[in-house]
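Topology and contacts: notes
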Amino acid sequence: TSTMCSATSTKTVDPKIIDLLNKDPEGLAHVSLEYFPPRTEQGVKNLHARMERMLANTKCLYTDMTWGAGGSTAELSLELALHAQKTGHVSNLHLTCTNMEKDGDPIKGVHDALKEAHDGGIRNIVALRGDPQEGEDEWTATKGGFTCALDLVRYIRKEFGDDFGISVAGYPEGHPNRISELTEDEAKNMSESELSRCCTHDGITYVCRDEDYKKEMDYLKEKVDAGADFIITQMFFDAEVFKTFVKDCRTWGINCPVVPGLMCINAYPGFKKMTKFCKTRVPKALEEKMESMKDDADAIKKFGVEYGAEVCRTLLDSGVKILHFYTLNLEKVVYGITDELGITSGLTEQSNESDAKDMVAVGSAWARAGDTIKCSAGQGVVKEIKSDGAAVVEIDGKEVQLAKGSYEKVF
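Each value, and the rule that gives it
Residue indices begin from 1 for each chain and proceed along its sequence in written order. Thresholds applied to this predicted model are a pLDDT of at least 70 for local features of residues and 80 or more for the giving and counting of side-chain atom pairs; totals over whole chains, interfaces and linings are not thresholded and use all residues. Side-chain metrics in this entry use all non-hydrogen atoms of the structure; hydrogen atoms and water are not considered. Each residue's exposure class comes from its accessible area (1.4 Å probe, protein chains only) as a fraction of the maximum for that residue type: buried when under 20%, exposed when over 50%, partly exposed otherwise. The way it works is that DSSP assigns letters per residue, a run of H or I at least four long becomes a helix, a run of E at least two long becomes a strand, and they are numbered from the N terminus. Any two strands with at least two DSSP bridges between them are considered paired. The handedness of a crossover follows from its direction of travel: if, with the strands pointing away from the viewer, the path from the first strand over the helix to the second runs clockwise, the crossover is right-handed. Any pair of residues with heavy atoms lying within 4.5 Å of one another is described as a contacting pair. Between N-to-C directions, angles span 0 to 180 degrees; the directions come from axes that are lines fitted to C-alpha atoms, helices contributing only their stretch in contact.

Details of the pairing of strand S1 (residues 30-35)
Summarising burial for S1: six of the six residues are buried, a large majority. By the alternation rule, side chains of S1 split into His30, Ser32 and Glu34 and Val31, Leu33 and Tyr35, which are all buried. Bridge count between S1 and strand S12 (residues 322-326): five bridges; the pairing is parallel. Paired with histidine 30 across the bridge in S12 is isoleucine 322. Both S1 and strand S2 (residues 62-65) contribute to a ladder of four bridges, which runs parallel. By the bridge assignment, tyrosine 35 is partnered in S2 with methionine 65. The β-α-β motif built from S1, the intervening helix H2 (residues 41-58) and the parallel element S2 has right-handed crossover chirality.

Some words on the environment of valine 110
Mapped onto the elements, valine 110 comes out in helix H4 (residues 108-119). What makes valine 110 buried here is its relative accessible area of 0%. C-alpha separation for the pair valine 110 and threonine 96, spaced 14 residues apart in sequence, amounts to 7.9 Å.

Topic: the sheet that holds strand S3 (residues 91-96)
Judged by pairing direction, the sheet is parallel, and its nine strands sit side by side in the order S10-S9-S5-S4-S3-S2-S1-S12-S11 without closing on themselves. One side of each edge strand has no neighbouring strand; the edge strands of this open sheet are strand S10 (258-259) and strand S11 (261-263). On the sheet, helix H5 (residues 149-160) packs against S3, strand S4 (124-128) and strand S5 (165-170) and is oriented at approximately 145° with respect to S4. Of the strands in this sheet, S5 and strand S9 (230-233) touch helix H8 (residues 210-225), which is tilted by about 175° from S5.

This is the structure in structure tokens:
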């Protein structure tokens, strides 16, 4: 039984997403949408308006709000998730184990966030380990704190019983930390399953080896057995990889819903940066098409709709009943895809992205060594991110240090 949740509230309480997923969609498929906390106050206001529009237009089943890298957006993530809950969304709050120490207690930050979410009517949590803290390349656990998402799932179930619905991340191509760089000889000797999920970036082949993939699946089974209701996947661009992953889940005795996480192709630089960073498999035909139109931003968006719809059709044909879109806080490509599929109609013409410049993530979740950034002094390449979020940047051959918040990533 719950130890925390006996208090009653007059606020409307969200349903659990798993209960919604267990009902068949009225149309072709359910849609769910994911957003991140914008950097500026104006961005937050614009996001409020976009979320309201997209809820009305897509009738999305639920709305995800991400938790920033290293816990960098904790307060704003919670505020936005609570705002979503109050304005008619079924709110699915991402929560990570990273940098959540409070008053000297390594888990108090997590406990307080869960309690505030619960008091505000939120009943759905995405339990994640999280990214490294700002300025760090490797993830490390706080002494006495959680070491992984499994710990967080267990803690939620122990402290809050069954009050929260819990989802966890699944990695069809393997977690980036378990993806290995291969030599030329190793790349020639991959197993059939490794060949089906490997990727190549800048001429280097990467893959989650079979023995590591098995560990990933064993761990995913532990998360589900500990109380997770369903799985949302990391982005992918090869529908066959997702289909294989679902089959593997069933083989492992993981029988809960597996929701495909779909990254919308909005721009060439963002696509290249993200797929390389996450070591995402990019089918050769997709890579060639993106290269052929990389300098035509409008053509990329149009193709993003076509390719997204093609992937979605393959998923729907395989039995998928919900499409989870990583919106990047934008709407045009999402609307294009849902219109193309017939889930919605006439939304493409209504889309308005005049506020795109305000839809930049808080903190340095995307600002890492090698990224291109812009600031008042011009454009440069990040050489290092300091622990306080400041960036050492090379601009016109000279290294300068920029304070956190004074630069933004160029996508």
